[in-house]
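# Structural characterization, general
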Amino acid sequence: MERAVGFLVLPLVFFASQINCQEAILHISNESTNKEYCIVHNQSWTPLSQTLDDALQYPLVNMTFTVLCNTSGVVPGVVKGKALVVMRGDCDFSQKALVAQSLGATTLLIASKTLLITPSANDSEYAKISIPLALMRYRDFIEAQQVFSGRMQVKLYAPPHPKIDASIIVMLLIAIVTVALGGFWSGTCERDRMNGDGGGGESKADPKELFLYSPLKVVIFVAMMCGMLVLMYFFYNIMVHFIIAIFCLASASALFSCVDAVMEILSCPSGSFSIKNYNFSVRSLILAAVCISIAVVWGVYRNEDRWIWILQDFLGVAFCLNFMKTISLSNFKICVILLSLLLVYDVFFVFITPFFTKNGVSIMVQVALGPDASGEKLPVVMRVPRFSAWAQNLCGMQFSILGYGDIIIPGLLVAYCSRFDVWINSSRKIYFVSCCIAYLLGMIVTFAVMLLSGMGQPALLYLVPFTLTASAVVAACRGEMRQFWAGTTYMVRRPVLDSSREPLLPEGRTDGALEGEVC
């Protein structure tokens, strides 16, 4: 199951981003009560104050009976020096603003029953408007009328939010801890397999483990990923629910695998029993029920942004850990081919495809974030809310996001380095530690470039060079590049492969490059 969902979601999970919009705050008050609502504005119109204290206060006039495309039915004396609320539709934003301005209004609020968008106009129209203009939800205005039964005073302001948000630090910790744990788990499983065969001969393969050993198969795999991403771009509304269902099953299975491994370390009793010659573990049954329940809760409440991101990140970490433990790259050559191809894939679908799409948005971004801001999203990212985005969170939770692929793909290299440390009996785990440090530095550079450029970045553009270079330098300095490049000295162990396959390194070698070699 993990392999199936991995193939389906990996095509679109290589993207680090911050969601950023032009949201602001509408502060409504009377003598005894005050409340704030989301509005969307455009800085090209009259800019808003950055603080509530600096914002000017005006009485609010309800004119939602008109769309204000002309002055008919409006008494200038009623609206002069006041803020207006009118309905959206029938004419351009600039025309509404010009009419309101001609009537002497000081602020124009446009109530919308549909999705809020950034109000825009031709460049020549902006200079003609001298009053603030913003969109608000119609349902928010109805609520405000119920809360403030009498007169309403309004202020509009757009508090700035710092580029560096605490969510980036949290995201960085999630990424590096997941990669380090996944690599450590892979290395520990490799050591257990080698110790389990009595210290000699071939170690037995885990039937759940998949080995990537053929360059041709890696190329075919990446090509199929490209095709899957394009299919998702054109048939998003059809495939999104299928991907969500698959993710629920795979994340429940991954969570079971992770928690079960922890319980084995803690020596928790299993409490087995038998029914008609079939053995069952009470611990496994209870754990499976809990994991499935967690995945179902996420599936039911997946669009509840206020808290469901915690559950999605929890399941995402389990999915990434299990993926890194299940998928094994057999040598550094395969690592270089896979990571290099995915780097090209990442850059192409983020930077090149905008030149071919109708709306100028990259295929990667369009699929990862969804074509509809209010529709279903694919569960392919870690999400952490931006803690300092007060105005934006009124309109809807704003998130810093990191694709699973930016954890999994470098994590496969980290896992290979961890297994190689086991093969050479390295007590300091030099390859594993070096690759983890390189991954951390690559993530820091990724976020730094994102903050400086103000746009999302394909994280593999920085992670791949950092991790591959660090691993190669360590191998070259230790004089082990030949062994590191070729991989394990024993045969690839997947049961379905031909058991007559030759070892990746010759047996009986006398160069002494590998310490504690098991073959």
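Refer to the preceding data block for the structure.
Residues numbered from 1 in each chain as written. Predicted model: local features only at pLDDT ≥ 70, side-chain atom pairs only at ≥ 80, totals over all residues. Heavy atoms only, no water.

Let's shift gears to the packing of helix 14 (residues 405-423) against helix 16 (residues 460-477). Look at helix 14 against helix 16: their axes get within 10 Å of each other, and the N-to-C directions meet at 5 degrees. The angle between helix 14 and helix 16 places the two elements in the roughly parallel class. Seen from helix 14, the contacting residues are G405, D406, I409, P410, L413 and C417; seen from helix 16, they are L460, L463, T467, L468 and S471. (Axes fitted to C-alpha atoms, helices over the stretch in contact; angles between N-to-C directions. Helix = DSSP H or I, 4+ residues; strand = E, 2+ residues; numbered from the N terminus. Parallel < 35°, antiparallel > 145°, perpendicular 65-115°, else oblique. Contact = heavy atoms within 4.5 Å.)

The pairing of strand 4 (residues 58-62) with strand 8 (residues 153-157) spans two bridges and is classified as antiparallel. Residue pairing across strands places P59 opposite Q153, the latter belonging to strand 8. Two elements, strand 4 and strand 5 (residues 83-87), share three bridges in a ladder whose sense is parallel. By the bridge assignment for strand 5, L60 is matched with A83. (Pairing = 2+ DSSP bridges.)

A contiguous nonpolar patch, built from F273, I275, Y278, F280, V282, L285, I286 and V290 and spanning about 720 Å² of accessible area, is present on the exposed surface. Secondary structure elements with two or more residues in the nonpolar patch: strand 10 (272-275), strand 11 (278-281) and helix 9 (282-300). At four residues, helix 9 tops the list of elements feeding residues into the nonpolar patch. Following the sequence through the fold, V282 ends up in helix 9. (Patch = residues over 30% accessible without salt bridge, like charges linked within 9 Å, V, L, I, M, F, W, Y side chains within 5 Å. Areas by Shrake-Rupley, 256 points an atom, 1.4 Å probe, with all protein chains shown as cover. Salt bridge = Lys/Arg side-chain N within 4 Å of Asp/Glu carboxyl O.)

What follows covers the environment of G150. Looking at the secondary structure, you find G150 in the loop between helix 5 (138-147) and strand 8. Linking G150 and N30, residues 120 residues apart in sequence, is a C-alpha distance of 7.8 Å.

Attention now moves to the pattern of salt bridges. The full count for this structure, using the stated rule, is six salt bridges. Between E190 and R193 there is a salt bridge, and its shortest N-O distance comes to 2.6 Å. Within this pair, E190 and its partner R193 are both found in helix 6 (residues 166-196), separated by three residues, close to a single helical turn. Overall, E190 belongs to the buried group, its relative accessible area being 1%. Between D260 and R283 there is a salt bridge, with the nearest N and O atoms lying 3.2 Å from each other. Separated by 23 residues along the polypeptide, D260 in helix 8 (residues 236-265) and R283 in helix 9 bring together distant segments of the chain. Classification of D260 as buried rests on a relative accessible area of 18%. For R283, a relative accessible area of 10% corresponds to the buried category. (Buried < 20%, exposed > 50% of the residue type's maximum accessible area, 1.4 Å probe, protein only.)

A few words on the environment of L109. As for its position among the elements, L109 is in strand 6 (residues 107-112). The spatial distance from the C-alpha of L109 to the C-alpha of R88 is 9.4 Å, given a sequence separation of 21 residues. What L109 contacts, discounting residues up to four positions off in sequence, is L26, I39, L60, L84, V85, V86, A134, M136 and L156.

Okay, the packing of aromatic side chains next. According to the stated counting rule, one finds 18 aromatic pairs in the structure shown. Through successive ring pairs, a cluster of aromatic residues spans F332, Y416, F420, W423, Y431, F484 and W485. For K113, the ring lying beneath its charged end belongs to Y138, and the centroid distance is 5.0 Å. (Phe/Tyr/Trp six-rings, centres within 6.5 Å; stacked < 30°, edge-to-face > 60°. Lys NZ or Arg CZ within 6 Å of the ring centre and 35° of its normal.)

Although it is not a glycine, L68 adopts a positive phi angle of roughly 55 degrees. Relative to the elements of secondary structure, L68 occurs in the loop between strand 4 and helix 2 (76-79). Phi at S267 is positive, roughly 60 degrees, even though this residue is not glycine. Structurally, S267 can be placed in the loop between helix 8 and strand 10.

Turning next to the state of the cysteines. Scanning the entire structure with this criterion turns up one disulfide. In this model C69 forms its disulfide with C91; the gap between the sulfur atoms is 2.1 Å. Between C69 and C91, the S-S dihedral sits near -95 degrees, and the bridge is therefore left-handed. A residue pair is termed long-range when its members are at least 10 positions apart, and C69 in the loop between strand 4 and helix 2 and C91 in the loop between strand 5 and helix 3 (93-102) qualify at 22 residues. Residues C69 and C91 agree in their burial class; the two are buried. Left unpaired, C435 is separated from the closest cysteine sulfur, that of C417, by 4.1 Å. Looking at C435, the relative accessible area reads 1%, which means it is buried. (Disulfide = S-S within 2.5 Å.)

With that settled, the discussion passes to the packing of helix 8 against helix 10 (residues 305-326). The contact between helix 8 and helix 10 brings their axes to 8 Å, and the two run at 70 degrees. Judged by the angle between their axes, helix 8 and helix 10 are roughly perpendicular. Residue-level inspection shows F247, A250, S251, A254, L255, S257 and C258 of helix 8 in contact with helix 10, the latter providing F314, L315, A318, F319, L321 and N322. Its residues assigned to classes, the contact of helix 8 with helix 10 comprises 10 nonpolar, three polar and no charged. (Nonpolar A, V, L, I, M, F, W, Y, C, P; charged D, E, K, R; others polar.)

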